[in-house]
Amino acid sequence: MTAVATAPAPARHSRLSGRLAGTGALLRLALRRDRLMLPVWILALGGTLVSGAGTLAKLYDTAAKRADLAESMNGNSSLRALYGPVFADSLGALNAWRLGGFMAVLAAVMSLMIVVRHTRDEEETGRQELLSSACVGRHAPLASALLTALLANAGVALITTAGLAKSTGTTAGSAALGLAVGATGMAFAGVAAITAQLTESGRLAKGLAGAVLGAAFVLRAAGDTSSHDASSVLDWLSPLGWAENVRPYAGERWWALLLLVAAAGAQSAVAYALAGRRDIGMGLVPPRPGPAEGRMATAYGLAWRLQRGALTGWAAGFAVAGLLFGGMTKGATRLLGDNEQTKEMFRRMGGQSGLTNAYLAAIVGLLGMVAALYAAQSVLRLHGEETGGRAEPVLANAVGRLPWAAGHLVIAFGGSVLLMTVGGLGLAAGYGEDFGRILGAALVQVPAIWVLAGLAVLLYGAFPKAAPATWGVVGVCLALGWIGPALNLPRAALDLSPFGHLPKLPGTPMHWLPVLSLLALAAALVGAGLAALRRRDISG
Amino acid sequence: MTKAITVAGLHKSFGRTHALDGLDLTVEAGEVHGFLGPNGAGKSTTIRVLLGLLRADSGAARVLGRDPWHDAVELHRHVAYVPGDVTLWRNLSGGEVIDLYGRLRGGLDARRRAELLDRFELDPAKKGRTYSKGNRQKVALVAAFASDVELLILDEPTSGLDPLMEEVFQSCVEDERNRGRTVLLSSHILSEVESLCDRVSIIRKGRTVEAGSLAELRHLTRTSVTAELAGPPDGLAGLPGVHDLDVQGLRVTLQVDTDKIDAVLRSLTASGVRSLVSTPPTLEELFLRHYQEDIGSTTPGGEKAVSR
């Protein structure tokens, strides 16, 4: 044993395996910690993809109906922005079109959460230090995190392939869809692996990876509004565009998968190199000294100080996305092709202005759903402060619980108004007309955002252990808004999402009743949550 | 003297765990009160109830004459708290946190803040993430000592401090006492308790097992006595409170309950004393005796299992 280890080549090998020492143990730890979360993610993603085919089969039971659907959907640029183009009219291809893009985004979210959770979060809490004092190599935490993500994505791919092979009649197409979703997940696992090396905070690492995902989505959506077959340059700049170009069930392009795999591999290699060069717990930028004296004097000031960075980043993202989508409005709503059916639909939708309105309404709805993610995250900052032990010393001062919570809630609720304002103005500026109408349409989304934020307040106040379940609820609402209508889900199901009740502006008349009802509901949720917060124990 | 803290029959359960089981605590205004007990005895739970962060299931608690749950905010204007495990925001500097906490209380004495930073040798410009455990502790201590408050609640405040800083801490507590402030000090450092505390309360398993001045508590424990006698001892074994009696000819060693020592000394002088060594109980013995479940019969391992 020792004799072998002194030989040059094995020594090199043992140094490499030394850096990875303990990966297996850490992987088992990760799987044990995530024993509930991982199966839920895998079954939710795989199960949705599999069951979607069944729903579509019932709705569009003849080839003619499916061809009609494909034709009309592909002619609508706002739908292409959301879902991407339809490549074929088989059941499998329609299912992949309808759900594939959404599920690829969700796989990316799952993967980036897994990777940061088992790398930077562990370092930030100080747990990694104790682990690393044992026989754990420098690269083992990252390796085990990436392996956990790989297992999760492989699970999604496997369920998708196995579940769809029969109903769609083709294993190749099903495997292509499953692999496209899973490989997208791994590409963003790679993104998160890098951002986790750059920042000292897990929250920031997730935020940066999420921003990359958002940019990839905007690029993909922009590319798809201006092309019918995902061939735009913008599509090729986005990993989500690569996933789309795998074209499951429509003459699979397997080489597009290689782009995703190569991206995952290259990013992981960069992350390994970074991880080998930095100190545990530190980012790449050394910490700078701060002011020796502070100006904050209130709980509001503290909350603002803690949340202003995230809000600024989100607002910048909304402004850019709004400008980009707005700038594409005219090109996107030009009558594309000379297909009779498309022209007919175009006329039915009210011609140029009808199409423009539909496009703008779709984009505004999309911005609203993303703003709900911000609002939920911002409200749950309260939960993070409490479980992190930072709420207790603040509340031990002359700070009431309500003012303390209100400081964060003002930012969460006001911040979502700010995001929709910035996004709406960006959209209008990009489009160049209709400032008032577009801004109004954007702000009409606010009551629905507030209802979800209010739900987060209620969960945090009354059932603090269940507060993270907010993400599940927000996720379901996003899914209902995004993929629900095309699955012809019953109205009752669609009505579960507050966004389903909003008037579709611009283009349809304003209805005040649902808007005001949602505002009242949001106020009731916040009130109930705060009332519960006043009564319960604060955990230290 | 008025009472700064009065607690009677406090109960608090977390699910099936009874953290507090009828706890009593009285802290006089202007005293430094030691709050002692083994790990898991309920010290931090009590402190959180006193701060209104936890709501007691039953029992009465008054802090500075107020109900800590209902009047939390008004009360906290006059209270400064230092937790045992100080968590800071990673992107805020220590100075910012000190000033924030000061303003969130009754206010901050700028001159005292500067003096304390100097005494504790703390750099206020560093960010929360870069402080060591001891320095995080100092941030909370400076914020507490510089605040204009009547009561300081310190929960194992020196667990990360070096001996030099421990001394600075002790002199700061002395200053507080001299300024007429009340301090509730939870601590495991016995020398700290001995030199600072006017009175102590010892709790175990959510109950107060002893309260009083250290002298009073010492009185309840055993003193060891070694004596060389002129003649053979007589009747020592029959005296109340005598333990571990060992007679080797004219040499006697024994343990005696401190409040029964008088009779032992009489008996010894009756035989004629050539030399006498009497050792009062050490603080360690005092606490071990109170921390253990069944005095004299419980091993340290058994005690640990109990406190979980």
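Residues numbered from 1 in each chain as written. Chains lettered and ligands numbered in written order. Predicted model: local features only at pLDDT ≥ 70, side-chain atom pairs only at ≥ 80, totals over all residues. Heavy atoms only, no water.

Undergrad: Break down the confidence of the model for chain B for me, citing the residues and quoting the values.
TA: A low pLDDT means the predicted coordinates there should not be read in detail. Residues and elements named next belong to chain B. Per-residue confidence for chain B averages 87 on the pLDDT scale, and 94% of its residues sit at or above 70. When pLDDT is averaged over each element of chain B, strand β7 (residues 182-186) comes out on top at 96 and helix α11 (residues 300-307) at the bottom at 35. The low-confidence segment residues 294-308, where pLDDT is below 50, has 11 contacts with residues more than four positions distant or belonging to other chains. Two numbers describe this predicted complex: its pTM, 0.83, and its ipTM, 0.75. (pLDDT = per-residue confidence, 0-100. Helix = DSSP H or I, 4+ residues; strand = E, 2+ residues; numbered from the N terminus. Contact = heavy atoms within 4.5 Å.)

Undergrad: Help me get a handle on the interface of chain A and chain B, residues and values and all.
TA: With 40 residues of chain A in contact, the opposing surface of chain B contributes 36 residues. Taken together, the two surfaces of chain A and chain B that pack against each other cover about 3,300 Å², and 55% of this comes from carbon and sulfur. On the chain A side of the contact with chain B, A:Glu392, A:Asn397 and A:Ala398 bury the most area, a combined 17% of that side's loss. Taken together, chain A and chain B are joined by four salt bridges. Summed over the shared surface of chain A and chain B, the result is 23 residue pairs in polar contact (both at pLDDT 80 or more). Of all the elements in the fold, those that place two or more residues in the side of chain A that touches chain B are α16 (299-327), α21 (391-395) and α27 (512-535) of chain A. The class makeup of the residues in the side of chain A that touches chain B is 16 nonpolar, 10 polar and 14 charged. (Buried area = accessible area lost by both parts, 1.4 Å probe. Salt bridge = Lys/Arg side-chain N within 4 Å of Asp/Glu carboxyl O. Polar contact = N/O pair within 3.5 Å; in protein donor to acceptor, adjacent residues only side chain to side chain. Nonpolar A, V, L, I, M, F, W, Y, C, P; charged D, E, K, R; others polar.)

Undergrad: Tell me about the environment of A:Leu458, and name the residues and values.
TA: Residue and element names in this part refer to chain A. Within the secondary structure, Leu458 sits in helix α24 (residues 446-462). The sequence separation of Leu458 and Pro239 amounts to 219 residues, and the corresponding C-alpha distance is 37 Å. Among residues more than four places away in sequence, those in contact with Leu458 are Phe463, Leu525, Ala528 and Gly529.

Undergrad: How would you summarise the pattern of salt bridges if you had to cite specific residues and measurements?
TA: Residue and element names in this part refer to chain B. With the rule as written, the count across this model stands at 35 salt bridges over all chains. One salt bridge in this structure joins Arg119 and Glu115, with 3.0 Å as the shortest N-O distance. Placement of both Arg119 and Glu115 in helix α4 (residues 110-120) is noted, with a separation of four residues, approximately one turn of the helix. Its relative accessible area of 24% is what places Arg119 among the partly exposed residues. (Buried < 20%, exposed > 50% of the residue type's maximum accessible area, 1.4 Å probe, protein only.)

Undergrad: Lay out the UniProt feature "domain: ABC transporter" (unreviewed entry) in chain B in plain terms, naming residues and giving numbers.
TA: Under the feature "domain: ABC transporter" (unreviewed entry), the UniProt entry names residues 5-230 of chain B. Across residues 5-230 of chain B one finds 35% helix and 30% strand; the C-alpha atoms that close the span lie 54 Å apart. (UniProt positions renumbered as here; feature names shortened; annotations may be inferred.)

Undergrad: I'd like a description of the sheet that holds strand β12 (residues 251-257) of chain B, backed by residues and values.
TA: All names here are of chain B. Strand order in this open sheet of four strands is β11-β12-β10-β13, and the pairing throughout is antiparallel. The sheet is open, and its two edges are formed by β11 (242-248) and β13 (273-279), each paired on a single side. Across the sheet, the axes of successive neighbouring strands diverge by a mean angle of 15°, strand direction being ignored. Examined bridge by bridge, strand β10 (residues 222-229) and β12 share seven bridges and lie antiparallel to one another. (Pairing = 2+ DSSP bridges. Axes fitted to C-alpha atoms, helices over the stretch in contact; angles between N-to-C directions.)

Undergrad: Can you break down the packing of helix α7 (residues 91-118) of chain A against helix α12 (residues 202-226) of chain A residue by residue, with the values?
TA: Residues and elements named next belong to chain A. Contact geometry for α7 and α12: axes closest at 10 Å, N-to-C directions at 160°. Between α7 and α12, the interaxial angle falls into the category roughly antiparallel. Two packed elements cross with a definite hand, and for α7 against α12 that hand is right-handed. For the pair α7 and α12, the contacting residues are Val105, Ala108, Val109, Leu112, Met113 and Val116 in the first and Gly202, Ala205, Lys206, Ala209, Gly210, Leu213 and Phe217 in the second. Class assignment for the residues of the contact of α7 with α12 results in 10 nonpolar, two polar and one charged. (Parallel < 35°, antiparallel > 145°, perpendicular 65-115°, else oblique. Left-handed = near helix turned anticlockwise from the far one by under 90°.)

Undergrad: Explain the domain arrangement of chain B residue by residue, including any values.
TA: By domain assignment, chain B separates into domain 1 (3-217) and domain 2 (222-280). A separation of 43 Å is found between the C-alpha centroids of domain 1 of chain B and domain 2 of chain B. (Domains from an automatic or database assignment.)

Undergrad: Outline the domain arrangement of chain A, listing residues and values.
TA: All names here are of chain A. Domains assigned within chain A are domain 1 (18-280) and domain 2 (296-540). Between the C-alpha centres of domain 1 and domain 2 there is a distance of 24 Å. Counting from both sides, the interface comprises 29 residues of domain 1 and, opposite them, 26 residues of domain 2. Roughly 2,500 Å² of surface becomes buried between domain 1 and domain 2 when both sides are summed, with 71% attributable to carbon and sulfur atoms. For the pair domain 1 and domain 2, the interface holds zero salt bridges. Elements with a contribution of two residues or more to the side of domain 1 that touches domain 2: α4 (37-59), α5 (63-74), α6 (77-83), α7 and α12.

Undergrad: Go over the confidence of the model for chain A, please, and point to the residues and values.
TA: All names here are of chain A. Confidence along chain A averages 88 in pLDDT terms, with 92% of residues attaining 70 or more. For chain A, helix α1 (residues 2-6) is the element with the lowest average pLDDT, namely 43, and α24 is the one with the highest, namely 97. Counting contacts from residues 1-11, a segment whose pLDDT is below 50, to residues more than four positions away or on other chains yields two contacts.

Undergrad: Any details on the packing of α4(A) against helix α10 (residues 140-168) of chain A? Residues and values, ideally.
TA: All names here are of chain A. Where α4 meets α10, the axes come as close as 9 Å, and the angle between the chain directions of the two elements is 25°. If you check the angle between α4 and α10, you find them roughly parallel. As for the relative orientation of α4 and α10, their crossing is right-handed in sense. Note on element contacts: α10 touches α4 through Thr148, Ala152, Gly155, Val156, Ile159, Thr160, Gly163, Leu164 and Ser167, opposite Leu38, Ile42, Leu43, Leu45, Gly46, Gly47, Leu49, Val50 and Ala53. Looking at the contact of α4 with α10 residue by residue, the class counts come to 11 nonpolar, seven polar and no charged.

Undergrad: Would you mind going over α10(A) in detail, with residue names and values included?
TA: The terminal C-alpha atoms of α10(A), which comprises 29 residues, lie 41 Å apart, in line with the 42 Å expected from a rise of 1.5 Å per residue. Within two residues after α10(A), A:Gly169 carries a phi angle of roughly 75°, on the positive side. (Expected span 1.5 Å × (residues − 1).)

Undergrad: Go over α12(A), please, and point to the residues and values.
TA: With 25 residues, α12(A) should reach 36 Å at 1.5 Å per residue; the first-to-last C-alpha distance of 36 Å fits that figure. By the N-cap criterion, in which a side-chain oxygen at the helix start approaches the backbone nitrogen of a residue two or three places on, α12(A) is capped by A:Ser201, the distance to A:Arg203 being 3.2 Å.

Undergrad: Could you give me a rundown of the sheet that holds strand β5 (residues 79-82) of chain B, with the residues and numbers involved?
TA: All names here are of chain B. The six strands are arranged β5-β6-β7-β3-β8-β9 in an open sheet whose pairing can be described as mixed. Pairing within the sheet leaves two strands with one partner each, and these edge strands are β5 and β9 (207-213). Each strand axis lies, on average, 15° off the axis of its neighbour in the sheet, ignoring direction. Where β5 meets strand β6 (residues 151-155), four bridges bridge the pair, whose relative direction is parallel. Its bridge partner lying in β6, Tyr81 is registered against Ile153. Packed on one face of the sheet, helix α5 (residues 133-146) meets β5 and β6 and runs near 170° to β5.

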